[in-house]
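Reading the structure
In case you want the letters, here they are:
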Amino acid sequence: MLGLMQHQSLLVSSLIEHAALNHPQAEIVSRTSEGPVHRTSYGEVARRAAQMANVLTRLGVQQGDRIGTLAWNGYRHMELYYAVSGMGAVLHTINPRLFKEQIEYIVNHAEDQYLFFDIGFAALVAELAPQLPTVKAFVAMTDRAHMPQVDIPRLQCYEELIEGGAPAFAWPELDENTAASLCYTSGTTGHPKGVLYSHRSIVLHSMSACSVDSLALSGADSALVVVPMFHVNAWGMPYAGAMCGAKLVLPGPSLDGKSIYELMRDERVTMALGVPTVWLMLFRHVDTEGLEPRRELCLRSCVIGGSAAAVSMIERFEQDFGATVMHAWGMTEMSPLGTVCKLLPKHEALPLEARRKIQAKQGRNPFGVTMKITDDDGHTLPRDGKAFGHLLVKGPWVVASYFRGEGGDQLDENGYFDTGDVATIDPDGYMHITDRAKDVIKSGGEWISSIDLENAAVGHPAVAEAAVIGIAHPKWQERPLLVVVRKAGHEVTREDLLTYLAERVAKWWLPDDVAFVEELPHTATGKLQKMKLREQFRDYSLPA
Ligand code: ADP
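Residues numbered from 1 in each chain as written. Predicted model: local features only at pLDDT ≥ 70, side-chain atom pairs only at ≥ 80, totals over all residues. Heavy atoms only, no water.

Here we take up helix H13 (residues 311–321). Note on helix geometry: an α-helix contains 3.6 residues per turn, so any two residues three or four positions apart are oriented the same way. Burial in H13 covers these residues: Met313, Ile314, Arg316, Phe317 and Phe321. Projected down its long axis, H13 shows its buried positions confined to an angular sector of 160°, all on one face. In this fold, the buried residues of H13 make contact with helix H11 (276–289), helix H12 (293–296), strand S13 (301–304), strand S14 (324–330) and helix H14 (352–359). (Buried < 20%, exposed > 50% of the residue type's maximum accessible area, 1.4 Å probe, protein only. Helix = DSSP H or I, 4+ residues; strand = E, 2+ residues; numbered from the N terminus. Arc of directions from axis to C-beta. Contact = heavy atoms within 4.5 Å.)

Applying the stated criterion across every chain, the model contains 13 aromatic pairs. On the numbers, 6.1 Å between centres and 80° between planes, the contact of Phe116 with Tyr158 is edge-to-face. With Phe116 in strand S5 (residues 114–117) and Tyr158 in helix H6 (residues 158–163), this pair connects stretches of sequence that are 42 residues apart. Judged by relative accessible area, Tyr158 falls into the buried class, the value being 0%. With a centroid separation of 5.9 Å and 45° between ring planes, the pair formed by Phe283 and Phe321 is classed as tilted. Here Phe283, found in helix H11, pairs with Phe321, found in helix H13; they are 38 residues apart in sequence, far enough to count as distant. (Phe/Tyr/Trp six-rings, centres within 6.5 Å; stacked < 30°, edge-to-face > 60°.)

As a further point, take the domain arrangement of the protein. For the protein, the assigned domains are domain 1 (12–24 + 39–201) and domain 2 (441–536). The straight-line distance from the C-alpha centre of domain 1 to that of domain 2 is 41 Å. In this assembly, 6 residues from domain 1 lie in contact with 4 residues from domain 2. Contact between domain 1 and domain 2 buries roughly 410 Å² in total, counting both sides, with carbon and sulfur atoms accounting for 64%. Seen at the junction of domain 1 and domain 2, the total is 0 salt bridges. Where domain 1 packs against domain 2, one counts 0 residue pairs in polar contact (both at pLDDT 80 or more). Taken together, the residues that form the side of domain 1 that touches domain 2 break down as 1 nonpolar, 4 polar and 1 charged. (Domains from an automatic or database assignment. Buried area = accessible area lost by both parts, 1.4 Å probe. Salt bridge = Lys/Arg side-chain N within 4 Å of Asp/Glu carboxyl O. Polar contact = N/O pair within 3.5 Å; in protein donor to acceptor, adjacent residues only side chain to side chain. Nonpolar A, V, L, I, M, F, W, Y, C, P; charged D, E, K, R; others polar.)

Orientation of helix H1 (residues 12–22) relative to helix H2 (residues 42–58), taken along the N-to-C sense of each, is 135°, at an axis distance of 8 Å. Comparing their axes, H2 and H1 come out oblique. Between H1 and H2 lies a crossing of left-handed hand. Taking contact as the criterion, the partners of Ile16, Ala19 and Ala20 in H1 are, on H2, Tyr42, Gly43, Val45 and Ala46. Broken down by class, the residue content of the contact of H1 with H2 amounts to 6 nonpolar, 1 polar and no charged. (Axes fitted to C-alpha atoms, helices over the stretch in contact; angles between N-to-C directions. Parallel < 35°, antiparallel > 145°, perpendicular 65-115°, else oblique. Left-handed = near helix turned anticlockwise from the far one by under 90°.)

Next comes the structure, spelled out in structure tokens:
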């Protein structure tokens, strides 16, 4: 027997229609590529998205066509999120920090019909344009006065285009499983692979982001979205924001500590989302300028994901900013939300150190994601907080296969996707990432977590950043090498660090050596680039 309730497809257009009706005045504040801070609202974004959808229809864009963007976080990008997906086409957000060859590859692989770009990427677009045969026009996301003065074929101006579009659009009643947006993984090995989100997966993911035990985004928030809109849809914030009416603060190209701090202060930001490297830049700015964030800001929570948040970072946000850290984990293949770490009532009574240990875990599944850990043979391991194994996930916003079937079916016989991470899960469901499967250090048949060592090392007051890699060892197979960037003006020796770590990690985990470097290599999404680092230290010999 079927239920007798209405069927309504879960559509991206319904998010912006809801926002236009229920929080038309809620603000979208953007620092623009042209310079000034720009203010608009959900009502206005809805209107301009409709205009743009009319323009794209006139240009011949069909349902299912891919429309590329090379853009920072800003209101025009947000308008495209709704115009393109709303009309049934596919928004393909491209990470401009990828290598040129990778961008060329993914635009051609996606067969993008139009490419919208921020003026800061004009030179890049000019260089790539001749290699992008499917692109019918390149649209500079600016007004006539700021059009780039470089030679780009088939160049169009965003503001001129949008002026010609009528401000109402009948959003089509699509099947909710229709593709809405496309994001390629950064692909540290091999070609980037496309993850194709559906309207349904996006709406369900947004509902989760707005639920209290998940990210708890709400209409009372002013949310600073530092995580880029070209990286997993800025963790879904442009959609979740429209659902609940949160004010969104979009930092444009300026991700330095000073710009971020100023936005936090001037826009009364209550919630901020970003990867650890961004927060390190923020801390550096606060230190050099001797600022008092607790007094000047009203930050309540900070969502940290993309890489592990060290205990020292969690502490710093609490003590100096008065903000609670929500450690979160996910990946492009998961839209990205997989776990969020929040304490349970029973944890409140724990001593500080024990609480911090829990906060440093990546957290628990919101409803919609199920995870398990397995050994090398695929046997499920216990949720005892000790056993660690391959982390597998399933749920309605988890990938089933990549765009164009790249790499074949991604799911095991029980419908789980292998994340490539290694983790433990405790009896309360808190997951703790030990490592990427390829980064874990295999020493004498046991596994050493590079992430745990790194987090311990950055707790030292003289350490700005740390990475741990495995170095080949004749007896133990691999042993850890700690690679450290010192904080400016600080001195610290190999011995100091090893003594410091000896009090914090198991004896057999202690790095065999410490190397000091000026900087560490990062990926396009701000993660440590371990492959490159391993390459750099390929011929390194550990002390006997
Ligand atoms: P890419 O950086 O390649 O685009 P993703 O952003 O999808 O890829 O990265 C996903 C991976 O990032 C996860 O599989 C995990 O290894 C790592 N990651 C994400 N969040 C965390 C976290 N909170 N702690 C540790 N690792 C994390």
